[in-house]
Amino acid sequence: ASMSTNNNHSRGLSSQVGESFFRSVLGQMETVYLNRNPTPKSVLELVKSVDNEQLCYDHLAFRTFGIGGYGIDSLASFFLDHGYTQMDELRFPAKKLRALWFAPPKVSAIPDGSGVNGPLPRVFISELLVEQMTSQTQDVIRKYTQAAPNGKKYGALSSALGTLPWEKPLSSEFEQLARESEYAAWTLANGYALNHVTISVHRLKSHLNRIKKLNQFLEEKGFKLNSEGGVLKVSPDGGLLQSSTVADSISFKFSDGVIKSIPCSYIEFAERLVLPQFQNVPEGEIEEYHRRDGFEVGNADKIFESTNQEQLSRRTG
Ligand code: OOG
Ligand code: NI
């Protein structure tokens with residue numbers, strides 16, 4: 001009996017109290033993100049205004065430094081403690097990154113709220129393979145992470161507060177990292193801040209529930225989408241379609257007093273098609289588990305570029 005109790009406890013949110021705490025932490029991460037990033041904020045308002053003020057998040061994404069306890073695990077523990085399950089690993093050798101995604105706990109009733117109050121999102125956490133960087137870059141990353149032991153255990157807290165777990169870097173250190181890995185520079189300056197939320201396109205109720213329509217609609221409204229490898233990213237099996245905006249910039253004051261505009265966060269869109277084995281399920285009975293799950297290396301590789309200078313400085317059109 002005690003075995004099964006433990007099992008239940010570790011597999012799902014154990015109580016309403018735990019769930020409302022968890023959701024309010026997610027809501028706080030989202031608030032930090034919306035306050036810093038005008039594009040995601042207006043996109044969400046616009047899509048909600050068309051879609052009866054309701055939308056679901058497909059996933060939330062975070063970046064980390066894979067070194068000395070600061071990597072994926074430093075944030076994953078928060079999600080695992082709230083019923084999430086670790087799923088597949090994705091590798092990006094050219095970018096010197098790896099990622100894991102986490103599935104939300106299974107629930108008996110699907111919540112009908114919007115955003116963080118709706119169905120719980122998947123979570124995508126990546127990490128920089130720090131030991132593969134040059135020694136200069138490793139030195140900078142070690143300098144900031146080692147002096148901030150908090151980063152390891154309190155990644156989720158740092159994200160919800162919108163406070164870096166380490167000191168602000170020198171502008172020269174940021175530039176050093178950016179030359180070698182824009183991901184590394186982003187993570188040094190943004191820490192555990194939400195990198196993006198992803199709107200679940202197929203769960204919208206309006207005509208925007210097809211990603212091509214949504215992309216067209218957003219481009220007509222003047223939003224710049226990440227064009228790396230084409231605006232629409234399609235998995236080889238054809239079942240996962242993704243696109244994203246280009247990241248907003250934020251004015252950042254470095255510890256040497258230099259103020260620079262640096263990349264912050266973006267918003268993503270994902271449409272998951274019904275799997276071949278469920279083609280016969282009537283439309284009204286389609287649930288999320290009938291659809292293509294998980295992530296795709298080829299898509300993700302291009303979505304990472306949403307925070308890169310090359311995309312940010314591109315002219316619209
Ligand atoms: C993550 C990029 C990958 C996805 O859904 O495949 C991604 C990032 O930019 O940190 O979000
Ligand atoms: Ni994503």
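Colleague: Kindly report on the packing of aromatic side chains, identifying the contributing residues and their values.
Modeller: Taken as a whole and assessed by the stated rule, the structure comprises 17 aromatic pairs. Judged by centre distance (5.4 Å) and plane angle (70°), the ring pair of Phe79 and Tyr84 falls under edge-to-face. With relative accessibility at 0%, the residue Phe79 sits in the buried group. Pairing Trp166 with Tyr192 gives two aromatic rings, centres 6.3 Å apart and planes at 45°, and the pair type is tilted. Separated by 26 residues along the polypeptide, Trp166 in the loop between helix H7 (155-161) and helix H8 (171-180) and Tyr192 in the loop between helix H9 (182-190) and strand S5 (196-200) bring together distant segments of the chain. Each member of the pair, Trp166 together with Tyr192, is buried.

Colleague: Outline the pattern of salt bridges, listing residues and values.
Modeller: Counted according to the given criterion, the structure contains 17 salt bridges. For Asp293, the salt bridge goes to Arg122, with nearest N and O atoms at 2.8 Å. Here Asp293 is found in the loop between strand S10 (266-272) and helix H11 (297-303), whereas its partner Arg122 is found in strand S4 (residues 122-129), with 171 residues between them in sequence. Where Lys143 meets Glu173, a salt bridge forms, and the shortest distance between an N and an O atom there is 2.7 Å. Placement of the pair is Lys143 in helix H5 (residues 135-146) and Glu173 in helix H8, with a sequence separation of 30 residues. Via salt bridges that share partners, Asp58, Arg122, Arg203, Arg272, Glu288 and Asp293 belong to a single interconnected network.

Colleague: Account for the site of ligand 1, with residues named and values stated.
Modeller: Every residue lining ligand 1 is accounted for by His59, Arg63, Phe124, Asn195, His196, Gln242, Tyr266, Glu268, Phe295, Ala300, Ile303 and Phe304. Within the side chain of Gln242, a nitrogen or oxygen atom sits 3.0 Å from an oxygen atom of ligand 1. Burial of ligand 1 by the surrounding chains reaches 100%, relative to a free accessible area of 320 Å². When residues of the shell around ligand 1 are traced back to their parent elements, those giving at least two are strand S1 (57-66), S10 and H11.

Colleague: Can you tell me about the coordination of the nickel ion (ligand 2), naming the residues and giving the values?
Modeller: Looking at the nickel ion (ligand 2), the protein donor atoms are His59 (NE2), His196 (NE2) and Glu268 (OE), and they sit 1.9 to 2.2 Å from it. Here the donor residues for the nickel ion (ligand 2) map to a single chain with the spacing H-x136-H-x71-E. With a gap of 72 residues between them, His196 in strand S5 and Glu268 in strand S10 connect regions that are remote in the sequence. Of the two residues, His196 and Glu268, both sit in the buried class.

Colleague: Can you explain the sheet that holds S4? Please cite residues and give values.
Modeller: Pairing is mixed across the open sheet formed by eight strands, whose spatial order is S2-S3-S4-S1-S5-S10-S7-S6. With one partner strand each, in any of the chains shown, strand S2 (85-92) and strand S6 (233-234) form the two edges of the open sheet. Along the sheet, helix H3 (residues 38-50) makes contact with S1, S5 and S10, crossing S10 at roughly 40°.

What counts and how
- Residues numbered from 1 in each chain as written.
- Chains lettered and ligands numbered in written order.
- Predicted model: local features only at pLDDT ≥ 70, side-chain atom pairs only at ≥ 80, totals over all residues.
- Heavy atoms only, no water.
- Phe/Tyr/Trp six-rings, centres within 6.5 Å; stacked < 30°, edge-to-face > 60°.
- Buried < 20%, exposed > 50% of the residue type's maximum accessible area, 1.4 Å probe, protein only.
- Helix = DSSP H or I, 4+ residues; strand = E, 2+ residues; numbered from the N terminus.
- Salt bridge = Lys/Arg side-chain N within 4 Å of Asp/Glu carboxyl O.
- Near = heavy atom within 4 Å.
- Polar contact = N/O pair within 3.5 Å; in protein donor to acceptor, adjacent residues only side chain to side chain.
- Areas by Shrake-Rupley, 256 points an atom, 1.4 Å probe, with all protein chains shown as cover.
- Donors = N, O, S within 2.8 Å, 3.2 Å for Na, K, Ca; no water.
- Pairing = 2+ DSSP bridges.
- Contact = heavy atoms within 4.5 Å.
- Axes fitted to C-alpha atoms, helices over the stretch in contact; angles between N-to-C directions.

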